[in-house]
Structures are given as structure tokens and as C-alpha cells.
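# Residue-level structure breakdown
Given next are the chains, with one letter for each unit.
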Amino acid sequence: AMCLVRTRSLLSFLSYLTASSRHYVDRLFDPDPQKVLQGVIDMKNAVIGNNKQKANLIVLGAVPRLLYLLQQETSSTELKTECAVVLGSLAMGTENNVKSLLDCHIIPALLQGLLSPDLKFIEACLRCLRTIFTSPVTPEELLYTDATVIPHLMALLSRSRYTQEYICQIFSHCCKSLDSETLKFAFVRMQALKCFSVLAFENPQVSMTLVNVLVDGELLPQIFVKMLQRDKPIEMQLTSAKCLTYMCRAGAIRTDDNCIVLKTLPCLVRMCSKERLLEERVEGAETLAYLIEPDVELQRIASITDHLIAMLADYFKYPSSVSAITDIKRLDHDLKHAHELRQAAFKLYASLGANDEDIRKKIIETENMMDRIVTGLSESSVKVRLAAVRCLHSLSRSVQQLRTSFQDHAVWKPLMKVLQNAPDEILVVASSMLCNLLLEFSPSKEPILESGAVELLCGLTQSENPALRVNGIWALMNMAFQAEQKIKADILRSLSTEQLFRLLSDSDLNVLMKTLGLLRNLLSTRPHIDKIMSTHGKQIMQAVTLILEGEHNIEVKEQTLCILANIADGTTAKDLIMTNDDILQKIKYYMGHSHVKLQLAAMFCISNLIWNEEEGSQERQDKLRDMGIVDILHKLSQSPDSNLCDNLLYA
């Protein structure tokens, strides 16, 4: 009797469930595979955002059938993927839903699905696993019951943006409470260590989680430090050093922390020794380059650790350590991969020399280093060429080296060659370096100009890549600084006023600022100002007007007013301002502006227009008096701002 009552109550409950919910489940059993697929797709659309429908389908037994279809070899990949999507949607409901899915052994089924060759299906399985593992009702150890899972997840990390995102979320959740049992399967193994390094790379969220993980009462970074010890396997030392490096770069460990300065950095320097295997030397140098790249103190420490700068010179000589040469296969392998050593050395030299003048000097004085870098610019491997350009760019930040070594080795010649038809990533760094070589104190400036640099740079300003447009215009700006009239005329002719206007309306602020800087440099020294304004005056005044009327920041407006002040300093050019009432009204407006920088720039314009010792100054003063500008000057002379007063006295 009791059994009968239970059956009746269950039947009444089932009859309460909507007919449509039953209909969805029934369709999963249709003999026609196409109808089954359509049924799963319709079910997917029905459950999105509908928790009641999710609960109904779970009670009606949809989950075991979906899991059966997901694991059936005869199911199409599309059907399997749609089943995984529906299961993921059910998991996003309540905690009870997740419990029901776990009771049906969903995790082994989804992990099995990860062995499929189809990426879309893998992503759907991972998305569902992520939802289940991040639920508080899921025991985290379910991830570690099979020792092959972690290495397989690691292998999937790089398959797509989504696989990386879901796996990172699974790990960052399941790593929070590692215990000895977990360690047995996952942590002590190299795969897990490698996994941590992949997870931490440029990922502040995961790094912050890992840095606080306790394993048997010990923090994870302390365990990594123990793995750096010389008696540990080299692979373990290197991978632990990578974990600590990535956590440091992601901001989870300070750069002055002892585990970085006294442990990680020296370990990576050891890896650069010629006793190590080629791949260990490459990985050691590249990881060290990444660690020290943003921090001048670490660069200084590295530069004096174990004669690192001299040690790196060996990267150009010995592809194999002496002891390994007995192995012919190893020698053959290393000769084929010797370019990777050169690339790694260039990368590390670039990081070492990023900030400190003494370190740059040491690098350049290392046996034939400039010759080696210059040779690197013409290597067949794009990666080596890029690393060589980055290295030179780093060294070109030194005024001293630009005047000496860069000149002695005529670095500009191979650089100009690199700039012809190079891929964008090389062009960005090479053109940035060209900016440095074109500074007024650089002896390379003249020969570069003679080798067709103006046309090349004007071409860069038309690139779709904003970084290349900035570098092109920046280099032209440096070229025009204190240059002869002929160079300025060449720049204007090659660039064309149309392109100049396009750059002045560029959406990238850096491009706009550098273009204004170029105009300012072109319009310096009186004869040059008068000459350029006599041929391009109308267009330049038009551009100035447009910018002063546009929605631009203080710096842009200030640069533009400084250009006007330069024009006002010309002998004949100043007439273009005096006969343009619109511009004069704008200068008057900026004299009364709330921002002192703009007031000062506007006052320079006026002081250049009314300078007493110049012809026509009286007439100009009279016109400006009539416009009320002299009154404003008088009021400003009473200003409590000493900056304004000093400049008024000068005017």
C-alpha cells in the first residue's frame, strides 16, 4: 500500500510537469539521428535562462540520455557538441542541478570528451567542466583522480583563447587548497609545475591565487624556491624559475623580494653557462630577459652576476658544450638550432641595456659585439633579425654610443636595409631606432638623409598601423630639428600638404602631437619660417584654425599656439596672423583661458607680434589695442601668477 501511495504521488508530480518538457526528452530517443539533433538544439534554446525548465528536464531523466549520446561513437560531432552545450546550461542553474549532474558521473564523460580531435566539442566540454568545477558543491579532488588529466589539460591550453580561459579558471579554482593527496597526483610531477608556469604567464589573477596557495602549510613560492636548488633536476630548476618569474612580472611577487634577487635570478644566470644544453641556455636567457626587462635594479644585479655579459658572448661561438660534442646527433641538432642561441642572447642584451649607461658600454665593449649585432640584422630568421633590432634599439638610447660605436660601425646602413619590406613587428622597432639615429647630436643623421630616409619615413606615415605612423612622423620631427632649409623643403615635398592634413586629423593622439612637433620644428628660424609660410601659409593657417576650434586636450592646443608664436616671429609670415581676424580673436580668447599654459602660449604670440624693434610694430600694436588685446595684457600684468608676470615683462 505504501508503495502504491508513493507511485501515485510521483505520477501526480510528473503529470504536473509540462507536456513540453516531456516532449523534449522523448525526442532524444527518436530513431532518426537528425530528429535527435534538432531535439537537442530545441532543448538548448528552451533552457537558456529558464531554471524551472532545467529542473523539469533533470527530473524527467534528460541528463543520462544526453551523456549517453555524448559518449556514443555513432553520434555525430555536432550532436555531441550540442549535448555538451545543453549539459553546460543545466549546470549553470542551481547547486542542486550540479549535484544531479555529478550523481550521473558527468565529469568522467566530459574528460573523455576532451580526447576528441574536434576543437568546438573540446571547448563545449571544457566550458561545462569550468561551470561544474567552480561550483561550491563540486569536490575539487575529482580533477586529480586520474594522473593523466593534468598533462592533457596542459596540452590543450594553447589550442584556443577559450581553452586557455576555461582551463585557467578550472585550475585557479582547484589550486586553492592543494593537500598531500593532491600533491601525489599533480604537483610533484613536472607536468603540474609546467602547468603553473603556463597559467601564471601574464595572468595577474592566477598569479595572485598561486602566491597564496598553501601546500602542507608551506606557501607555493617557497616550494618553487626549494626546486631551484642545484641538486634538483635542471628541468625542475628552470620551470620553477619560470613560475617565479611569471608571478613576479604579473605583480604577485615584488622585484626586490629575496626569492627573486637571491634565488630566481642567479638560477637563470646559471642556465646561461656553456656547460648547459642548448635548449636550457635558450630558455634560461629568454626567461631572464623577461624577468629583468622592466626593472633597472634587476638589470644591474644580473649584469654583475657570474660575468653574465661575457658569458653571453659564448652564445655566438659554441652551439654545444664541449662535453656534449662526443654525441654526433646532439652536435648536428645544436648546429641546426644555433640561431636560437643568438636570438636569446640579443633578447637578454636588450633587457640588460634598457636603462643603464654603464651596462650598455660593457655590452658594446664585449668582443666584436657591435659586429655580431649588425650581422644579426641580415640573418635569414625573422626572429633573430627582430631580436637584433631590439638589441640595437636598446643600445641606441645612449647618447655616447650614438656618437661613437654606432658611427664607427655605420649601423644606419644595415638598418636602412632592414626597413625595406620588413614585417610590421620589425618595422616598428627599426623605425623607433631610426628616430634615435636622427637626433641632432647623432653623426649618422647626414648619411641617413642621403640614403632616401625622407621618402621611406613619409611612406611609414601612411601605414594602417598607428605605431608605424607615430614612428614615421617622429623620425621626421627629429630630422627637421635645427635642420637646413633644404632638408625641411624635402620633408614638405615628400610628405605633401594633403598627407600633413590627414595626420593632423589622425585619430591617434600620439600621431597628432608628433605632427604638430614636426610643424613646429619646420617653422623655426626666421628665414625658414618666411620661406615655408610663403609657399604653404594658407594651408598651415587653415590647419591651425581647425585644431584650435576642435575638441582637443590642453597639450595639443598648447603645441598649436606655440606654432602660431613661431609664425609670429617671422618677418613677413607674421602678416598672415595680422590679416586674419579669426586667428587674432582665438589668440585673444586663449589669453583669458583658465589654463596658464595656454595663456602663456597665447602671450608669446602677441609678444612676437608687437616687438618694438621690428618694422610695422606700431601699426600692429594699434590694431591689437583696438581689439582689446592690450587691455588684457595690462590686466594680466596685475596677475598674482609670477609665471605670467615674468613673461609680460619680457614682452
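Worth saying up front: this structure is predicted, and the values here are computed from it rather than measured. (Residues numbered from 1 in each chain as written. Predicted model: local features only at pLDDT ≥ 70, side-chain atom pairs only at ≥ 80, totals over all residues. Heavy atoms only, no water.)

### Section: the overall build of the protein chain
The number of helices and strands found in the protein chain is 43 helices and two strands. Computed over C-alpha atoms, the radius of gyration of the protein chain comes to 35 Å, more than 25% over the 26 Å expected from 2.2 N^0.38 for 651 residues, which places it beyond the range of a compact globule. Taken along the three principal axes of its C-alpha coordinates, the protein chain extends 120 × 75 × 50 Å. Taking contacts inside the protein chain between residues at least 6 apart in sequence as the whole, the part at least 24 apart equals 67%. For the protein chain, the computed accessible surface area is about 30200 Å², with 53% contributed by carbon and sulfur atoms. One way to put it: in the protein chain the 69 positive side-chain charges average out to a point 4 Å from where the 76 negative ones average out. (Helix = DSSP H or I, 4+ residues; strand = E, 2+ residues; numbered from the N terminus. Rg over C-alpha atoms; globule rule 2.2 N^0.38 Å. Contact = heavy atoms within 4.5 Å. Areas by Shrake-Rupley, 256 points an atom, 1.4 Å probe, with all protein chains shown as cover. Lys, Arg positive; Asp, Glu negative; His and termini not counted. Charge placed at Lys NZ, Arg CZ, Asp CG, Glu CD.)

### Re the packing of aromatic side chains
Scanning the entire structure with this criterion turns up six aromatic pairs. Arranged with centres 4.8 Å apart and planes meeting at 65°, the rings of F201 and Y246 form a pair that is edge-to-face. Separated by 45 residues along the polypeptide, F201 in the loop between helix 13 (190–200) and helix 14 (204–211) and Y246 in helix 16 (residues 234–249) bring together distant segments of the chain. The class of F201 is partly exposed, set by a relative accessible area of 37%. Arranged with centres 5.4 Å apart and planes meeting at 45°, the rings of F201 and Y290 form a pair that is tilted. With F201 in the loop between helix 13 and helix 14 and Y290 in helix 18 (residues 278–292), this residue pair connects regions lying 89 residues apart in the sequence. Y290 gets classed as buried once you look at its relative accessible area, which sits at 17%. Three or more aromatic residues joined by ring pairs form one cluster here, namely F201, Y246 and Y290. Taking the ring centre of Y290 as reference, the NZ or CZ of R249 above it sits at 4.2 Å. Over the ring of W474 we find K514, and its NZ or CZ is 4.4 Å from the ring centre. (Phe/Tyr/Trp six-rings, centres within 6.5 Å; stacked < 30°, edge-to-face > 60°. Buried < 20%, exposed > 50% of the residue type's maximum accessible area, 1.4 Å probe, protein only. Lys NZ or Arg CZ within 6 Å of the ring centre and 35° of its normal.)

### Let's talk about the domain arrangement of the protein chain
Annotation of the protein chain at the domain level lists domain 1 (17–177) and domain 2 (533–650). Centre-to-centre separation of domain 1 and domain 2, based on C-alpha positions: 70 Å. (Domains from an automatic or database assignment.)

### Looking at unusual backbone geometry
A positive phi angle, close to 50°, is found at H307, a residue other than glycine. Relative to the helices and strands, H307 resides in the loop between helix 19 (296–303) and helix 20 (308–313). Phi at N421 is positive, roughly 55°, even though this residue is not glycine.

### So, the packing of helix 33 (residues 485–495) against helix 35 (residues 509–522)
Where helix 33 contacts helix 35, the two axes come as close as 10 Å, and the packing angle between them is 140°. Classified by the angle their axes make, helix 33 and helix 35 are oblique. Note on packing geometry: the crossing formed by helix 33 with helix 35 is left-handed. Here K488, I491, L492 and L495 of helix 33 lie close against helix 35, whose contacting residues are L518, N521 and L522. Classifying every residue of the contact of helix 33 with helix 35 gives five nonpolar, one polar and one charged. (Axes fitted to C-alpha atoms, helices over the stretch in contact; angles between N-to-C directions. Parallel < 35°, antiparallel > 145°, perpendicular 65-115°, else oblique. Left-handed = near helix turned anticlockwise from the far one by under 90°. Nonpolar A, V, L, I, M, F, W, Y, C, P; charged D, E, K, R; others polar.)

### What to know about helix 25 (residues 382–395)
When the terminal C-alpha atoms of helix 25 are compared, their 20 Å separation across 14 residues agrees well with the 20 Å that a helix rising 1.5 Å per residue should span. Within helix 25, 11 of the 14 residues are buried, which leaves it mostly tucked inside the rest of the structure. Among the residues of helix 25, those classed as buried are V384, R385, L386, A387, A388, V389, C391, L392, H393, S394 and L395. The residue sitting at the N-terminus of helix 25 and contributing the capping side-chain oxygen is S381; that oxygen lies 3.3 Å from the backbone nitrogen of K383. (Expected span 1.5 Å × (residues − 1). Polar contact = N/O pair within 3.5 Å; in protein donor to acceptor, adjacent residues only side chain to side chain.)

### Observations concerning the side chain of S75
Mapped onto the fold, S75 is located in the loop between helix 5 (62–71) and helix 6 (77–91). Looking at S75, its side chain comes within polar contact range of the main-chain oxygen of L69, at 2.7 Å.

### Some words on the pattern of salt bridges
Evaluation of the coordinates by the stated rule reveals 27 salt bridges. Ionic pairing is found between R469 and D506, a salt bridge with its closest N-O pair at 2.8 Å. A residue pair is termed long-range when its members are at least 10 positions apart, and R469 in helix 32 (residues 466–480) and D506 in the loop between helix 34 (497–504) and helix 35 qualify at 37 residues. A relative accessible area of 16% means that D506 is categorised as buried. Between D490 and R493 there is a salt bridge, with the nearest N and O atoms lying 2.5 Å from each other. Of this pair, D490 and R493 both sit in helix 33, three residues apart, roughly one helical turn. Because the salt bridges share partners, they merge into one network encompassing K274, D314, K317 and E367. (Salt bridge = Lys/Arg side-chain N within 4 Å of Asp/Glu carboxyl O.)

### Notes on the confidence of the model for the protein chain
Averaged over every residue, the pLDDT of the protein chain is 86; residues scoring 70 or more account for 90%. Counting interchain partners and residues more than four positions distant, the pLDDT-below-50 stretch residues 1–8 has zero contacts. This stretch, residues 178–187, has a pLDDT under 50; its non-local contacts, to residues over four places away or in other chains, come to 24 contacts. (pLDDT = per-residue confidence, 0-100.)

### Comments concerning the packing of helix 6 against helix 9 (residues 119–133)
At a closest axis distance of 9 Å, the pairing of helix 6 and helix 9 adopts a crossing angle of 15°. Here helix 6 is positioned roughly parallel relative to helix 9, judged by the angle of their axes. In this structure, the crossing between helix 6 and helix 9 has a hand that is left-handed. Taking contact as the criterion, the partners of T77, K80, T81, A84, V85, L87, G88 and A91 in helix 6 are, on helix 9, K120, F121, A124, C125, R127, C128, T131 and I132. For the contact of helix 6 with helix 9, a count of residues per class yields nine nonpolar, four polar and three charged.

### Quick notes on helix 17 (residues 258–271)
In a regular helix each residue adds 1.5 Å, so 14 residues correspond to 20 Å; helix 17 covers 19 Å between its end C-alpha atoms and thus fits that length. Its maximal kink placed at T264, helix 17 deviates by approximately 30°, while the proline P266 follows within four residues. By the criterion of burial, helix 17 is predominantly enclosed, with 10 of the 14 residues buried. Among all positions in helix 17, only C259, I260, V261, T264, L265, C267, L268, V269, R270 and M271 are buried. If you follow the buried residues of helix 17, they end up packed against helix 15 (220–226), helix 16, helix 18, helix 19 and helix 20. With a side-chain oxygen positioned 2.8 Å from the backbone nitrogen of C259, the residue opening helix 17 is D257. (Bend = angle between axes of the 7 residues up to and from the residue.)

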